[in-house]
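# Chain and residue survey
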Amino acid sequence: MRLGEQIVGGEAPCVIVAEAGINHNGDLDLALRLIRAAQQAGADLIKWQKRTPEVCVPDAQKTALKDTPQWGRISYLDYKRNMEFGKKEYDAIDAECRRLGIPWFASAWDLPSLEFLLAYDPPCLKVASACLTDLELLTAYRQTGRPVVLSTGMSTEAQVMWAAAILGPDRLVVLHCVSTYPCPTHELNLSGIGWLRARFPVVGYSSHHPGIWDGLCGAVLGAAMVEKHFTLDRTLWGTDHAASLEPAGLAKMVRYIRNWEQARGDGRKRVWDSERPVMARLRRVP
């Protein structure tokens, strides 16, 4: 299937997504630096998260207090407001991504956010794991007619199949995911990629593990898309930085996956021309 100019699935190379998410910490300059770093690391796409705080924050959490190094002690609702970008910031993000040739998309956590994102004509849309059970939102996603990437963290097999049926099998990429930040190795359950491959045409892997190797393993196990959380500095404040790769780590994961694609071959046994001189020296019986 096609995500804008990008082909995902089939014989196409693995699509690598740098999940910037909310690792911009509400700072546009940091967001623009993330775009440049993702492009330099070799990512195919960069992804963000878009919310309407008044809709997404549960009522019981809106007045809860949160300590932040950037804005001091504020309500959780105000914290979420400060973390959100509006049209001015997304116009700048869109312009920078177009300048560098790295497409962007985002997960919309509510209907107003979905409408907001559609104005930018993204190559696809993302359903966050937290939204997998939201019938109204999933229905709105399907009605856009656009390719959808579905993350499946904190979901049962039955819930995954239900959400995929709502979204429709066409133009759907289903990602294996575990929604723990960061995800410990023993909970990765990478064999879940195989479970998805047996049921959906195009599948992938969304990682919250702080390592590099699991992204490579995802590609080896058949993920047509690998999404990794990405930050400039894992020690920055915020919920997702500790579960993210820094630029050097992302570049290394990209290189490992591209090397695997070269090494994979077609599975047919043959004698390479480079082997023939060795065969002439070492094999006594032809």
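Up top is the structure.
Residues numbered from 1 in each chain as written. Predicted model: local features only at pLDDT ≥ 70, side-chain atom pairs only at ≥ 80, totals over all residues. Heavy atoms only, no water.

## Section: the pattern of salt bridges
- Under the criterion given, the structure shown has 17 salt bridges.
- We note a salt bridge from Arg-81 to Glu-54, for which the minimum N-O separation is 2.8 Å. With Arg-81 in helix α4 (residues 76-83) and Glu-54 in helix α2 (residues 53-56), this pair connects stretches of sequence that are 27 residues apart.
- Judged by relative accessible area, which is 38%, Glu-54 ranks as partly exposed.
- Each of the salt bridges in this network shares a partner with another, and the network as a whole consists of Arg-36, Glu-96 and Arg-99. (Salt bridge = Lys/Arg side-chain N within 4 Å of Asp/Glu carboxyl O. Helix = DSSP H or I, 4+ residues; strand = E, 2+ residues; numbered from the N terminus. Buried < 20%, exposed > 50% of the residue type's maximum accessible area, 1.4 Å probe, protein only.)

## Observations regarding the side chain of Lys-47
- Take Lys-47: it is sitting in strand β4 (residues 45-50).
- A relative accessible area of 1% places Lys-47 in the buried class.
- Engagement of the side chain of Lys-47 in a polar contact is seen with the side chain of Glu-19, the distance being 2.7 Å.
- Not counting the four nearest positions on each side in its chain, Lys-47 is found in contact with Val-17, Ala-18, Glu-19, Ala-20, Gly-21, Phe-105, Ala-106, Ser-107, Lys-126 and Glu-227. (Polar contact = N/O pair within 3.5 Å; in protein donor to acceptor, adjacent residues only side chain to side chain. Contact = heavy atoms within 4.5 Å.)

## Some thoughts on the packing of aromatic side chains
- The tally for this structure, following the rule as stated, stands at 10 aromatic pairs.
- When the ring of Tyr-76 is compared with that of Tyr-79, the centres are 5.7 Å apart and the planes differ by 40°; the resulting orientation is tilted. Remark: Tyr-79 and Tyr-76 occur in helix α4; sequence separation between them is three residues, near one turn of the helix.
- Ring pairing ties together the aromatic residues Phe-85, Tyr-90, Trp-104, Phe-116 and Tyr-120, which thus form one cluster.
- Residue placement shows Arg-51 over the ring face of Trp-109; its charged tip is 3.7 Å from the ring centre.
- Sitting over the face of the ring of Tyr-79, Lys-66 holds its NZ or CZ atom 4.9 Å from the ring centroid. (Phe/Tyr/Trp six-rings, centres within 6.5 Å; stacked < 30°, edge-to-face > 60°. Lys NZ or Arg CZ within 6 Å of the ring centre and 35° of its normal.)

## Some details on the nonpolar core
- Among the nonpolar cores identified, the biggest contains 62 residues, and Ile-46, Trp-48, Ile-93, Trp-104 and Tyr-141 are the most heavily contacted of them.
- By residue number, the principal contributor to this core is helix α1 (residues 28-41), which donates eight residues.
- What Trp-104 contacts, discounting residues up to four positions off in sequence, is Ile-46, Trp-48, Tyr-90, Ile-93, Asp-94, Cys-97, Leu-117, Tyr-120, Pro-122 and Pro-123.
- Ranked by size, the runner-up nonpolar core spans 13 residues in total, among them Val-15, Phe-105, Cys-124 and Leu-175. (Core = buried A, V, L, I, M, F, W, Y, C linked by side-chain atoms within 4.5 Å.)

## A closer look at the packing of helix α6 (residues 111-118) against helix α7 (residues 135-144)
- Two elements in contact, α6 and α7, have axes separated by 10 Å at closest approach and are oriented at 20°. One element, α6, and the other, α7, form an angle in the roughly parallel class. Note on packing geometry: the crossing formed by α6 with α7 is right-handed. Residue-level contacts link Leu-111, Leu-114 and Leu-118 of α6 to Glu-136, Leu-137, Ala-140, Tyr-141 and Thr-144 of α7.
- In terms of residue class, the contact of α6 with α7 is made up of six nonpolar, one polar and one charged. (Axes fitted to C-alpha atoms, helices over the stretch in contact; angles between N-to-C directions. Parallel < 35°, antiparallel > 145°, perpendicular 65-115°, else oblique. Left-handed = near helix turned anticlockwise from the far one by under 90°. Nonpolar A, V, L, I, M, F, W, Y, C, P; charged D, E, K, R; others polar.)

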